[in-house]
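Spelled out, the chains give:
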Amino acid sequence: MCEILAVHWPSPKPFRNLLSWANKIEHYGLGSFGWGVAWLDGERVGCHRFPGRLRVDPALKGAMLEVRSTHFLVHFRRPNKLSTVQLADTQPFRDEAKQFVFCHNGSFTREPELRPWYASRLQGKADSEVGFRMLEDVLASGRAAGDAVSELHSVLGGRANIGFLSAAGELLVFNAYPQNRMWRFRSGDAELACTELHSSDSSLFTLVFPEAAERRQVGGVEAVAVGVGL
């Protein structure tokens, strides 16, 4: 029952510019059990994670607010199993080379079956990390990021919203979760994608993004790029 927010600006902006949106998503959504954000940081992907609520994260009283990037990917967590509320399960997950991050909303049907294949590389207990490790392997095989995200869901199954950001500037979203649809839209000069707060009554736009223009639902079984035009 997590929420995902992807933001692209044509020129670098500080994280504080999206903080109001993030606070509202956490307040109205269900993701109050950890949050994280990733951004482009030179030739790598920067990442910050906190296992509690965004509004009590001490990092948001300091330098984190001034982190500047054209790309941000934010995840708000509400796990299916509360026993997984810990830093190791807080998203986004980032690879050791800091070349990409992955975040997930939903549940992977085949995770229990496939978890043993990745057991030696797992740090937490959540099904999302199994998806992250699988994606890591698919990308290492040379698959394009969009194809890799779609293949991941095809193999693991279940309901899934996925966010992906690479050091190359690929900001992708994937929606296969009918009960928490993902939308693309504009706000000023920003292009965004966001899950709908597990609320199918347009509350995402009435409560968080009333100014949103060019609203379009993300659909199908392909990953969609954010920041390349609607």
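Just above, that's the structure.
## Considerations on the nonpolar core
For soluble globular proteins, nonpolar side chains are generally found buried alongside one another. Grouped together as the largest cluster of nonpolar side chains are 32 residues, with contacts concentrated most on Phe-15 and Phe-209. Of all elements in the fold, only β1 (3-14), α1 (19-28), β2 (35-41), β4 (68-76), β9 (182-187), β10 (190-195) and α5 (203-208) reach the threshold of two or more residues within this core. For this core, the element with the highest residue contribution is α1, accounting for four residues. When sequence neighbours within four positions are dropped, the list of residues in contact with Phe-15 reads Trp-35, Val-37, Leu-60, Met-64, Leu-65, Val-67 and Phe-72. Formed by 23 residues, the second largest nonpolar core is a distinct cluster that contains Phe-102, Val-138, Leu-172 and Phe-174.

## Overview of the pairing of strand β3 (residues 44-50)
In this sheet, β3 lies alongside β2 in antiparallel orientation, the contact comprising seven bridges. Following the sheet pairing, Trp-39 is matched in β3 by Gly-46. Counted along the chain from β2 to the antiparallel partner β3, the turn is two residues long, and its residue Gly-42 has a positive phi close to 65°.

Rules behind the numbers
Residues numbered from 1 in each chain as written. Predicted model: local features only at pLDDT ≥ 70, side-chain atom pairs only at ≥ 80, totals over all residues. Heavy atoms only, no water. Core = buried A, V, L, I, M, F, W, Y, C linked by side-chain atoms within 4.5 Å. Buried < 20%, exposed > 50% of the residue type's maximum accessible area, 1.4 Å probe, protein only. Helix = DSSP H or I, 4+ residues; strand = E, 2+ residues; numbered from the N terminus. Contact = heavy atoms within 4.5 Å. Pairing = 2+ DSSP bridges.

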